[in-house]
Amino acid sequence: MPCSLALAAGRSLRPVLRCRSPPAVVRPLGAARPFPSPPAPAWSLPAEAVRGVTWLPAAGPGRAEAAAVPRGGGSAMALRERGAGGAAEAGEDALEGPERGPPLLPWDRFSAWLHCVCVVGFDLELGQAVEVIYPPHSKLTDKEKTNICYLSFPDSNSGCLGDTQFCFRFRRSSGRKASLCCFLDHLDRDLPVYLKKDPAYYYGYVYFRQVRDKSLKRGYFQKSLVLISKLPYVHLFRTVLKQIAPEYFEKSEAFLEAVCSDVDRWPPPIPGEILHLPIMGVIMKLRIPTYRDKPGTTPVIQNMHQADAQISMTLPTVHEVDLFRCFCPVFFHIQMLWELVLLGEPLVVMAPSPSESSETVLALVSCISPLKYCSDFRPYFTIHDSEFKEYTTRTQAPPSVILGVTNPFFAKTLQHWPHIIRIGDIKLPGDVPKQVKVKKLKNLKTLDSKPGVYTSYKPYLNKDEEIVKQLQKGVQQKRPTEAQSVILRRYFLELTESFIIPLERYVASLMPLQKCISPWKSPPQLRHFSQDDFMKTLEKAGPQLTSGLKGDWIGLYRHFLKSPNFDGWFRSRQKEMTQKLEALHLEALCNENLVFWSQKHTEVETVDLVLKLKNKLLQADREHLPVKTDTLKKLQAHIHDIILALPDDLQDILLKTGTA
């Protein structure tokens, strides 16, 4: 009687040979000459990492190991000045062992950090225009270039004289091909959920300079150096721009070429590793967080003895903003703002400059960490943005998005939005802020309106007076703003965790028991999420166990369950638990005597079993299932033993067959 073995079939996995031709040198827009590509890197990924990424692994579930990665010794110019010895001291590692994988192509390491670098200038006839794109082969659509042009300059009313730094976020054009850096894409899964790349968006990190120059017709020098990246590492790229932009405005193209060569010597952005990043003679030392880190903690980067002799600066974070400085103008309402962000409510931040708007939007998005904010957010948004009509239309309710704006036109255009934050110039707080009441929306008529929060929203939770008093006391005692930010970040973390723990507990109960997993049946399904059943659990296992805040927690949960943030969080948890079930199913298969089973069944059934087991292995690699290396080895041994027990002709076929 045929056995009802039901195993999910996976697709075939062929070795990925990255032998694409070197990109043609394209003349950058507005540049006088094309830049040459740098020489091919002198190092390569270890064979183990390559196997884990592109082949069915023999020793693991496909998780690329954090291999020894060489660290560049500085810029092209700095290397010549220091010599080979200096480069070695800066942390260049040699690969161990004779085995080496295929070398990375030119610009692969650059692409791990940045998509491209743009220079945007002001043309009297054309307005803002992209003057340079580097590397020359970097691809941007016309729509993306237009967005970069307008988002890289402050609105004319901002009056930003001197140097200004800010960031923006814009939608990638549809139909673009995914990155070929599969090894680097695998690194993304070790990140905390709120730092994972969103393939639909780019970040733009801007250093804008506007100074008087009588030699120019317009009377002003206006130019922006812009780093385009998929990575939300705000503090890192802000630091990089501080190092390179002032000198770039003096030295121009040759300097930019040297900067990009430096970035192409950086090690991959491996979460959890201590990284040394040389940039024009300066070496930055930093660590990218991992999902294993305890939320709210920043692991201290320990000194590394002699290897640290040339470290110029240590970055305490790659992504965090100065939370207290951003919330200071409205910190009496931080708890209400946390609720609005948690629920994915439409929010507008009206600020006097892109710097203030972008920092405030990023602070709002981060206040629900470790939850990921799953809706769209634009740290700096202009009337020229390609989504302007989509986000400002009055024919439908405002979308779930947080916008940072500076143009006075938005005060009228977005009057119908339910929640508006108006902030003045953000300065380091020296005086105790005065209590500011929530204002009615009808009182917001122009961008010149007084700072405050304009909304008719009534918070679900009672106000926490303790955190306000603690922060006020810090201002009176002149506590450093960094320490104030730590207090505020811990407060938001504890509030978010108190809210999410009951959900985590209930969702974990939807997981089938391990005894329900049979190797001869498909993995069991997760039980359905029931809002009513979840609400019943709150009486005894609700947020009151970890938070002293009173209020309508039930109402807050009901609202949250309808929000994009719940949808994104639940999809992520659902995926994790489904993968765990698949992993447990694999372990159950490994614990069976499959050779004995095959001896009692026909050759057709045995061949079918082999093909399905191979597909399970491929699925484990493709979906990065949380399976132990020993389990995969054991399953491979089972497959091998079953094949050897078959006739020679079938052995030849099955040994050559990857999957059905």
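Refer to the structure above for everything that follows.
Residues numbered from 1 in each chain as written. Predicted model: local features only at pLDDT ≥ 70, side-chain atom pairs only at ≥ 80, totals over all residues. Heavy atoms only, no water.

Student: Can you break down the packing of aromatic side chains residue by residue, with the values?
Tutor: Applying the stated criterion to the full structure yields 36 aromatic pairs. Taken together, a centroid distance of 5.3 Å and an interplanar angle of 85 degrees make the contact between Trp107 and Phe110 edge-to-face. The interplanar angle of 40 degrees and the centroid separation of 6.0 Å between the aromatic rings of Phe566 and Trp569 together place this pair among those described as tilted. With a gap of 3 residues between them, Phe566 and Trp569 both fall in helix α17 (residues 564–590), about one helical turn apart. (Phe/Tyr/Trp six-rings, centres within 6.5 Å; stacked < 30°, edge-to-face > 60°. Helix = DSSP H or I, 4+ residues; strand = E, 2+ residues; numbered from the N terminus.)

Student: Before we move on, could you go through the sheet that holds strand β9 (residues 347–350) and cite the residues and values that matter?
Tutor: Strand pairing within a sheet occurs via backbone hydrogen bonds; the two strands may be parallel or antiparallel. Reading across the sheet, the 5 strands line up as β10-β11-β9-β12-β13 and stay open at both edges, with mixed pairing between neighbours. If you trace the sheet from one side to the other, it starts and ends with β10 (376–378) and β13 (452–455), each paired once. On average, each strand axis in the sheet is inclined to that of its neighbour by 15 degrees, with strand direction left out of account. Judged from the 4 bridges that link them, β9 and strand β11 (residues 401–405) form a sheet pairing that is parallel. Across the sheet, residue Met350 finds its bridge partner in β11, namely Val405. Relative to β13, helix α9 (residues 334–342) is tilted by about 50 degrees, and along the sheet it contacts β9, β11, β12 (419–422) and β13. (Pairing = 2+ DSSP bridges. Axes fitted to C-alpha atoms, helices over the stretch in contact; angles between N-to-C directions. Contact = heavy atoms within 4.5 Å.)

Student: How would you explain a negative patch on the surface if you had to name every residue and give the values?
Tutor: A surface patch of negative charge is lined by Glu603, Asp648, Asp649 and Asp652. The dominant element in the negative patch, judged by the number of residues it contributes, is helix α21 (residues 648–656), at 3 residues. Assignment of secondary structure puts Asp648 in helix α21. (Patch = residues over 30% accessible without salt bridge, like charges linked within 9 Å, V, L, I, M, F, W, Y side chains within 5 Å. Areas by Shrake-Rupley, 256 points an atom, 1.4 Å probe, with all protein chains shown as cover. Salt bridge = Lys/Arg side-chain N within 4 Å of Asp/Glu carboxyl O. Lys, Arg positive; Asp, Glu negative; His and termini not counted. Charge placed at Lys NZ, Arg CZ, Asp CG, Glu CD.)

Student: Hey, could you go over the nonpolar core for me, with residue numbers and the actual values?
Tutor: Core analysis: the largest hydrophobic core is formed by 116 residues, its most contacted members being Trp113, Leu236, Phe327 and Leu503. Ranked by the residues each element gives to this core, the list is headed by helix α14 (residues 481–508), at 10 residues. (Core = buried A, V, L, I, M, F, W, Y, C linked by side-chain atoms within 4.5 Å. Buried < 20%, exposed > 50% of the residue type's maximum accessible area, 1.4 Å probe, protein only.)

Student: Any chance you could break down the environment of Phe249 for me, citing the residues and the numbers?
Tutor: Within the element layout of this structure, Phe249 appears in helix α6 (residues 234–251). For the pair formed by Phe249 and Leu225, sequence separation is 24 residues and the distance between their alpha carbons is 8.7 Å. When neighbours within four sequence positions are excluded, Phe249 is seen to be in contact with Tyr207, Arg209, Phe221, Lys223 and Leu225.

Student: Outline the pairing of β11, listing residues and values.
Tutor: Of all 5 residues making up β11, 5 are buried, and the element is well covered by its neighbours. Both faces of β11 are covered, namely the face carrying Val401, Leu403 and Val405 and the face carrying Ile402 and Gly404. Here 3 bridges tie β10 to β11, and the two strands are oriented parallel to one another. By the bridge assignment for β11, Phe377 is matched with Ile402.

Student: Give me the lowdown on the packing of α14 against helix α16 (residues 553–560), citing residues and values where you can.
Tutor: Orientation of α14 relative to α16, taken along the N-to-C sense of each, is 75 degrees, at an axis distance of 12 Å. Put simply, α14 runs roughly perpendicular to α16. Packed against α14, whose contacting residues are Leu495, Ser498, Phe499, Pro502 and Leu503, the element α16 presents Trp553, Leu556, Tyr557 and Phe560 at the interface. When its residues are assigned to classes, the contact of α14 with α16 shows 8 nonpolar, 1 polar and no charged. (Parallel < 35°, antiparallel > 145°, perpendicular 65-115°, else oblique. Nonpolar A, V, L, I, M, F, W, Y, C, P; charged D, E, K, R; others polar.)

Student: Tell me what's going on with the sheet that holds strand β1 (residues 116–123), and back it up with residues and numbers.
Tutor: Overall, antiparallel pairing links the 5 strands, which are arranged β2-β1-β5-β4-β3 in an open sheet. For this open sheet the edge positions go to β2 (127–134) and β3 (162–171), each flanked by a neighbour on one side alone. When the angles between neighbouring strand axes are averaged without regard to direction, this sheet yields 25 degrees. As defined by bridge partners, β1 adjoins β2 across 7 bridges and the pair is classed as antiparallel. Counted as the bridge partner of Val117 is Tyr134 from β2. In this fold helix α4 (residues 142–151) packs onto β1, β2, β3, β4 (201–212) and β5 (220–229), with an angle of close to 150 degrees to the strand it touches most, β3. Helix α7 (residues 253–263) rests against β1, β2 and β5 of the sheet, and its axis sits at about 50 degrees to β2.

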